[in-house]
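If you want the building blocks of each chain, they are given just below.
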Amino acid sequence: MANKLILASSSPRRQELLLQVKIPFTVQTANIDESQITTTDPIEKVKQLAIWKGENIPVHHPNTVVLSADTIVSYEHTIFEKPRNQTEAKQMISTLSDQVHDVYTGVMIRSLQKKTVFVERTSVEFWPLSEEEIDAYVATEDPYDKAGAYGIQSLGAMFVKQIIGDYYTVVGLPLSRVVRELRDFGIVIE
């Protein structure tokens, strides 16, 4: 019997990425309060969030594998969460303008037999942005469900001058590494 993957994330971007590489999965998310993880270290926070999300999904069968992930944006040791409103979104994008910031995605994969946890980092440089560009962007729906108030795979792409690292880490799942790690758990492309 083939192993079955549960994606412990409601993120449409993570779902699209797994579909892109033809990995079958079901979605099951835990209802957790992310604000309970209060560390200000971006690597530790994203790792703890990925672990917490994944460990809140029960694994009862030896052929079940759980994949969980979380992504955060960090600039000068400050974590940029998802903006709660237009003012926060504008502040984040204005701060990131003409600067390099880091995007971290923490991943946990676990089964009854084993568990692996890792964090990938990609550096992103934004072009200098005008106030008009920023105002037009934050008036859209794009910034509000994304860490750092932008999506590299959507409208936020127009701000990105360059990246150093894995593009998919910024989208929300370091896809090539995840595929390789999933092989060790018996999850293969169909």
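Everything below is about the structure printed above this text.
Values in this document were obtained by computation on a predicted structure and should not be read as measured data. (Residues numbered from 1 in each chain as written. Predicted model: local features only at pLDDT ≥ 70, side-chain atom pairs only at ≥ 80, totals over all residues. Heavy atoms only, no water.)

**Regarding the overall build of the protein**
For the protein, the count of helices and strands is six helices and seven strands. For the protein, buried positions account for 48% of its 190 residues. Pairs at least 24 apart in sequence give 68% of the contacts found in the protein among residues at least 6 apart. As displayed, the protein has an accessible area near 9,600 Å², and 48% of this comes from carbon and sulfur atoms. Both charge centroids of the protein, one from 19 positive and one from 25 negative side chains, sit 9 Å from each other. (Helix = DSSP H or I, 4+ residues; strand = E, 2+ residues; numbered from the N terminus. Buried < 20%, exposed > 50% of the residue type's maximum accessible area, 1.4 Å probe, protein only. Contact = heavy atoms within 4.5 Å. Areas by Shrake-Rupley, 256 points an atom, 1.4 Å probe, with all protein chains shown as cover. Lys, Arg positive; Asp, Glu negative; His and termini not counted. Charge placed at Lys NZ, Arg CZ, Asp CG, Glu CD.)

**Concerning helix α2 (residues 42-55)**
Compared with the 20 Å implied by 1.5 Å per residue over 14 residues, the 20 Å span of α2 between its first and last C-alpha is a close match. Where the residues of α2 are buried, they touch β3 (64-75), β4 (78-80), β5 (100-110) and β6 (115-126). (Expected span 1.5 Å × (residues − 1).)

**Digging into helix α3 (residues 86-96)**
Structurally, the α-helix is built with 3.6 residues per turn, so residues lying three or four positions apart point the same way. Of the residues making up α3, those classed as buried are Glu88, Ala89, Met92, Ile93 and Leu96. The buried residues of α3 all sit within an arc of 125° when viewed along its axis, so they share a single face. Opposite the packed face of α3, turned more than 90 degrees from it, sit the exposed residues Thr87 and Gln91. On its buried face, α3 sits against β3, β4, β5, β6 and α4 (131-138). The opening residue of α3, the one whose side-chain oxygen lies 3.1 Å from the backbone nitrogen of Thr87, is Asn85. Two residues or fewer after α3 comes Asp98, characterised by a positive phi angle close to 60°. (Arc of directions from axis to C-beta. Polar contact = N/O pair within 3.5 Å; in protein donor to acceptor, adjacent residues only side chain to side chain.)

**Topic: the pairing of strand β1 (residues 4-7)**
As paired elements, β1 and β3 share four bridges and run parallel to each other. Looking at β3, one finds that Leu7 is bridged to Leu67. Pairing geometry for β1 and strand β2 (residues 26-27), over two bridges, is parallel. Bridge assignment links Leu7 to a residue of β2, and that residue is Val27. Handedness of the crossover is the feature at issue here: the chain leaves β1, passes through helix α1 (residues 12-20), returns alongside β2, and the resulting connection is right-handed. (Pairing = 2+ DSSP bridges. Right-handed = clockwise from strand over helix to strand, strands pointing away.)

**Thoughts on the pattern of salt bridges**
All told, the structure shown has 14 salt bridges when counted by the stated rule. Between Lys53 and Glu34 there is a salt bridge whose closest N-O contact spans 3.6 Å. In this pair, Lys53 sits in helix α2 while Glu34 sits in the loop between β2 and α2, placing the two residues 19 residues apart along the sequence. Residue Lys53 is classed as buried on the basis of its relative accessible area, which comes to 14%. (Salt bridge = Lys/Arg side-chain N within 4 Å of Asp/Glu carboxyl O.)

**A look at the nonpolar core**
One broad trend across soluble globular proteins is that nonpolar side chains are buried collectively. Counting 41 residues, the largest nonpolar core has Leu67, Ile93, Phe126, Tyr150 and Leu173 as its most contacted members. Among the elements that take part in this core, β3 stands out by supplying five residues, more than any other. The residues touching Leu67, leaving out its near neighbours within four places in the chain, are Leu5, Ile6, Leu7, Ala8, Leu18, Val107, Met108, Ile109, Leu173 and Val178. Within the second largest apolar cluster, five residues are counted, among which are Ile6, Ala8, Val59 and Val66. (Core = buried A, V, L, I, M, F, W, Y, C linked by side-chain atoms within 4.5 Å.)

**A closer look at the packing of aromatic side chains**
The final tally for this structure, using the stated rule, is four aromatic pairs. Relative to Phe159, the ring of Phe126 has its centre 5.7 Å away and its plane inclined at 55°; by these criteria the two rings are tilted. On the criterion of sequence distance, the pair formed by Phe126 in strand β6 and Phe159 in the loop between α4 and β7 (160-164) is long-range, its members being 33 residues apart. Ring centres of Tyr137 and Phe159 lie 4.9 Å apart, and the angle between their planes is 80°; on these two criteria the pair is classed as edge-to-face. With Tyr137 in helix α4 and Phe159 in the loop between α4 and β7, this pair connects stretches of sequence that are 22 residues apart. (Phe/Tyr/Trp six-rings, centres within 6.5 Å; stacked < 30°, edge-to-face > 60°.)

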